Amino acid sequence: MTDVSLEIRNIIFEKFNSDERFTNDQIFTELQKSDKIEKSLTIDDMEKYFNELCDIGIMRNIAQNFTTQWFKLFDPLEKTTCPSCKAEAPINKSEEKSCPLCKAAI
Ligand SMILES: [Zn+2]
């Protein structure tokens, strides 16, 4: 079982880290291409994860047009290795540093 939230972070890190803005549709397309999320998931299922990343302070919602949402990162993400579970997670240097997978402090 993949952690969708972590996969979204990975996509942002790999594809949109230096972009001015990106959309939920772009992220979802990349997620589907990556084959790392279940095929049954829809873009509506992604909404809670995008909201979560906004709540944590990684990005903010800057515009919306029907179902398309534009997001902007507060800061580029940086790959950090969790000392507890050894997972590599892209995190924002200003967010509270905890592993997205095991929640250990980083
Ligand atoms: Zn961890």
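What you are looking at is a predicted structure, and each value in this text was computed from that prediction instead of being measured.

### Notes on the coordination of the zinc ion
Next up, step 1: The protein atoms that coordinate the zinc ion are Cys-82 (SG), Cys-85 (SG), Cys-99 (SG) and Cys-102 (SG), at distances of 2.3 Å.
Next up, step 2: Here the donor residues of the zinc ion share one chain and are spaced in sequence as C-x2-C-x13-C-x2-C.
Next up, step 3: Note on Cys-82: relative accessible area 1%, which makes it buried.

### Quick notes on unusual backbone geometry
Glycine aside, negative phi is the norm for most residues, and most peptide bonds take the trans geometry.
Next up, step 1: Here the phi dihedral of Asp-35 falls at roughly 65°; this positive angle occurs in a residue that is not glycine.
Next up, step 2: Along the chain, the position of Asp-35 falls in the loop between helix 2 (24–34) and helix 3 (43–56).
Next up, step 3: The phi angle at Phe-66 is positive, at roughly 55°, despite the residue not being glycine.
Next up, step 4: Locating Phe-66 in the fold gives a position in the loop between strand 2 (59–65) and strand 3 (68–73).
Next up, step 5: Taking the relative accessible area as the measure of exposure, Phe-66 reaches 76% and is therefore exposed.

### Here's the deal with the packing of helix 2 against helix 3
Next up, step 1: Contact geometry of helix 2 with helix 3 gives a least axis separation of 11 Å together with a crossing angle of 110°. The angle between the axes of helix 2 and helix 3 places the two elements in the roughly perpendicular class. Relative to helix 3, helix 2 is oriented so that their crossing is right-handed. On helix 3, the residues that touch Asn-24, Asp-25, Ile-27, Phe-28 and Leu-31 of helix 2 are Ile-43, Met-46 and Phe-50.
Next up, step 2: A breakdown of the residues in the contact of helix 2 with helix 3 according to their chemical character gives six nonpolar, one polar and one charged.

### A few points about the environment of Lys-97
Next up, step 1: Following the sequence through the fold, Lys-97 ends up in the segment after strand 5 (88–92).
Next up, step 2: Note: C-alpha distance between Lys-97 and Ser-40 (57 residues apart in sequence) is 31 Å.
Next up, step 3: Not counting chain neighbours up to four residues away, the residues in contact with Lys-97 comprise Ile-91, Asn-92, Ala-104, Ala-105 and Ile-106.

### Structural notes on the packing of aromatic side chains
What describes a pair of aromatic rings is the distance from one ring centre to the other and the angle between the planes of the rings.
Next up, step 1: Enumeration according to the criterion identifies three aromatic pairs in this entry.
Next up, step 2: Judged by centre distance (6.3 Å) and plane angle (45°), the rings of Phe-22 and Phe-71 are tilted. Of this pair, Phe-22 sits in strand 1 (residues 22–23) while Phe-71 sits in strand 3, placing them 49 residues apart in sequence. With respect to burial, Phe-22 and Phe-71 carry one shared label: buried.
Next up, step 3: An aromatic cluster of at least three residues, connected via ring pairs, comprises Phe-16, Phe-22, Phe-50 and Phe-71.

### What about the pattern of salt bridges?
Next up, step 1: Using the criterion set out here, one finds five salt bridges in the structure.
Next up, step 2: Between Lys-15 and Glu-30 there is a salt bridge; the shortest N-O distance is 3.8 Å. Taken together, the positions of Lys-15 in helix 1 (residues 4–16) and Glu-30 in helix 2 put the pair 15 residues apart, joining distant regions of the chain.
Next up, step 3: You can call Glu-30 buried: its relative accessible area is 14%.
Next up, step 4: Notably, a salt bridge pairs Glu-30 with Lys-33, separated by 3.4 Å at the nearest N-O pair. You can see Glu-30 and its partner Lys-33 sitting in helix 2, three residues apart, about one turn around the helix.
Next up, step 5: According to the relative accessible area criterion, Lys-33 is exposed, its value standing at 61%.
Next up, step 6: By sharing partners, the salt bridges in this structure join Lys-15, Glu-30 and Lys-33 into a single network.

Here is what the cut-offs are and how they apply
- Residues numbered from 1 in each chain as written.
- Predicted model: local features only at pLDDT ≥ 70, side-chain atom pairs only at ≥ 80, totals over all residues.
- Heavy atoms only, no water.
- Donors = N, O, S within 2.8 Å, 3.2 Å for Na, K, Ca; no water.
- Buried < 20%, exposed > 50% of the residue type's maximum accessible area, 1.4 Å probe, protein only.
- Helix = DSSP H or I, 4+ residues; strand = E, 2+ residues; numbered from the N terminus.
- Axes fitted to C-alpha atoms, helices over the stretch in contact; angles between N-to-C directions.
- Parallel < 35°, antiparallel > 145°, perpendicular 65-115°, else oblique.
- Left-handed = near helix turned anticlockwise from the far one by under 90°.
- Contact = heavy atoms within 4.5 Å.
- Nonpolar A, V, L, I, M, F, W, Y, C, P; charged D, E, K, R; others polar.
- Phe/Tyr/Trp six-rings, centres within 6.5 Å; stacked < 30°, edge-to-face > 60°.
- Salt bridge = Lys/Arg side-chain N within 4 Å of Asp/Glu carboxyl O.

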